[in-house]
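The primary structure of each chain is shown beneath.
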Amino acid sequence: MERKWFTTAEVAEMLGFGLSKTKMLVATGEIRSVKIGRARRILPVWVDDYVRRVTADAEGWAA
């Protein structure tokens, strides 16, 4: 069965960021998340959306 949700720590590892940086991105809404009880969970597509936005901004800057 394919994973449906990731923790903030798992997303930090996937992106190569520190946990504090990833939590800040979640808190500011740069990376979407939902709160389930006391835990934050992030859909894989939301991580993909963040990467897409960041790379699109970088490509626009280089042009």
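Relevant structure appears above.
Residues numbered from 1 in each chain as written. Predicted model: local features only at pLDDT ≥ 70, side-chain atom pairs only at ≥ 80, totals over all residues. Heavy atoms only, no water.

Asker: Would you mind showing me how to read the pattern of salt bridges here?
Answerer: In a structure, side chains of opposite charge can pair up when their charged atoms sit close to one another. The full count for this structure, using the stated rule, is two salt bridges. Of the charged contacts in the structure, one is a salt bridge between Arg3 and Glu10, with a shortest N-O distance of 2.8 Å. Judged by relative accessible area, Arg3 falls into the partly exposed class, the value being 44%. Looking at Glu10, the relative accessible area reads 27%, which means it is partly exposed. A salt bridge links Asp49 to Arg52; the nearest nitrogen and oxygen atoms lie 2.9 Å apart. Here Asp49 and its partner Arg52 are both found in helix α3 (residues 44-62), three residues apart, which amounts to about one turn of the helix. (Salt bridge = Lys/Arg side-chain N within 4 Å of Asp/Glu carboxyl O. Buried < 20%, exposed > 50% of the residue type's maximum accessible area, 1.4 Å probe, protein only. Helix = DSSP H or I, 4+ residues; strand = E, 2+ residues; numbered from the N terminus.)

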